[in-house]
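Coordinate inspection notes
Each chain, letter by letter, is given below.
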Amino acid sequence: MAWSALYLVNFLWAMAGSSTQSRSSCSVPSAQQPLVNGLQVRMENSVTSSAFPNPSVLIAMNLAGAYNLEVQKLLTYQLMASDAADLTIGQLALTIMALTSSCRDPGNRVSILQGQMENWVPSSTSTQASTFYGPSLAILALCQKNPETTLPIAARFAKTLLANSSPFNMDTGAMATLALTCMYNKIPVGSEEGYRVLFGQVLKDIVKNISIRIQDNGIIGSIYSTGLAMQALSVTPEKPNKEWNCKETMDTILNEIEQGKFHNPMSIAQILPSLKGKTYLDVPQVSCSPDNEVQPTLPNQPTTVPTSASNITVIYTINNQLRGVDLLFNVTINVSVKSGSVLLVVLEEAQRKNPMFKFETTMTSWGPLVSSINNIAENVNHKTYWQFLSGKTPLNEGVADYIPFNHEHITANFTQY
């Protein structure tokens, strides 16, 4: 993430900030590069004509250098055909950056996004921090297109962040860091010094919150929030309070990849830029010169003898104890599924056995999200949603990715944030 200070020294700032400069330099060892290549191939293979068109995947693909050019073209065309009216602020911002990374004109999407951000206001000073994620993406996308007109919008956004009192959210903090770093480095010459002070203060507060969440093994928050956090820490002008050892983070992430933790296309899209030494600030600098497809070197796959999977039993509870909701319940069922099945299969089997476990999903960039169970649906206005836990620990993967173990107790708890 990079910020250009004054237009007087804009060229020098651009040289320092347009490409990623890690405070703690690290890169993937050549021996483990096939592992990263395999991760990218998995992500690219998720793109089909019928799949959810994910702009984050295209951004990661272009920052890393696409292997499958046909897939790259397909996803680009899908996003070009998308209707801005159907997109949230965050989705629209990502689409603009994705098309920019493919050297395509986003058209009137930029002006639409700017209008939305000019009218954007949080509901209160205690608004959940995650609701600032989309607007952070918007500030970043607008900064990369026209920082001068974005300046007052970004300033209002920064003041809103300062006033917010909700608990810190890692993904939002990382994305806000990328956005405000972009603005910090592109403050037009002659602008009030107050802009620099404001952006610097917000960045200092966010980076402090990120740095205190750096674990001893280098993971920042969780393994799935580490990718964006690495981008943020590698470019912010504010030094983390806690020293960050990027190499240690990289080593741990590579070990997690070997363990198969990154298989969701969205999780790959968020970690891949850091593995390639890139950040979202590099989007405007992506080269789109025609190249021949490069065949990646992939890791050797051990030969496995297929075996019939044994069954496991998963204890599954659905619980709603929120007052004001018509139907209160706490019901448990034992579900038998094949070992290695994802949680979604458990939910489907529970639904088949007992109609009280009926559920509905909404498709998101992370895959299907359970939006309703037993006819009780999430509600943004009431700040309610279905949270899944293993024992008492919230799951950090979705129902289409998490693989339960034998006799694990999974609870779907209707929760208010």
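Below, the structure is looked at part by part. These numbers were taken from a predicted model, which means no experiment stands behind them. (Residues numbered from 1 in each chain as written. Predicted model: local features only at pLDDT ≥ 70, side-chain atom pairs only at ≥ 80, totals over all residues. Heavy atoms only, no water.)

Comments concerning the state of the cysteines
Two cysteines whose sulfur atoms are joined by a covalent bond form what is called a disulfide. With the rule as written, the count across this model stands at three disulfides. Here C103 engages in a disulfide with C288; their sulfurs sit 1.9 Å apart. Its torsion about the S-S bond being 90°, the disulfide of C103 and C288 is classed as right-handed. Taken together, the residues C103 in the loop between α5 (89-101) and α6 (109-118) and C288 in the loop between α13 (265-275) and β1 (311-320) connect sequence positions 185 residues apart. A residue is classified by how much of its surface remains accessible, and C103, at 44% relative accessible area, is partly exposed. One disulfide in the model links C143 with C182; its S-S distance is 2.0 Å. Across the S-S bond of C143 and C182 the torsion is about -90°, and the bridge reads as left-handed. Taken as a pair, C143 in helix α7 (residues 133-145) and C182 in helix α9 (residues 170-185) lie far apart in primary sequence, 39 residues in all. Residue C143 shares its accessibility class with C182, and that shared class is buried. (Disulfide = S-S within 2.5 Å. Helix = DSSP H or I, 4+ residues; strand = E, 2+ residues; numbered from the N terminus. Buried < 20%, exposed > 50% of the residue type's maximum accessible area, 1.4 Å probe, protein only.)

Considering the sheet that holds strand β5 (residues 376-377)
Pairing in this open sheet of three strands is antiparallel, and the strands run β3-β4-β5 from one edge to the other. Of all the strands in the sheet, just β3 (359-364) and β5 have a single pairing partner and so form its edges. Bridge analysis of β3 against strand β4 (residues 367-373) gives six bridges, and the strand direction is antiparallel. If you follow F359 over to β4, its bridge partner there is I373. (Pairing = 2+ DSSP bridges.)

As for the environment of F388
Position of F388 relative to the elements: it lies in strand β6 (residues 384-390). Sequence separation between F388 and G398 is 10 residues; the distance between their C-alpha atoms is 8.7 Å. Those residues in contact with F388, other than ones at most four positions away along the chain, are Y316, L343, L347, V370, I373, T393, P394, L395, V399, I410, T411 and A412. (Contact = heavy atoms within 4.5 Å.)

Some remarks on unusual backbone geometry
In this structure, C103 is a non-glycine residue whose phi angle is positive, near 60°. Positive phi is not limited to glycine here, since H407 has a value of about 65°. Within the secondary structure, H407 sits in the loop between β7 (393-394) and β8 (409-416).

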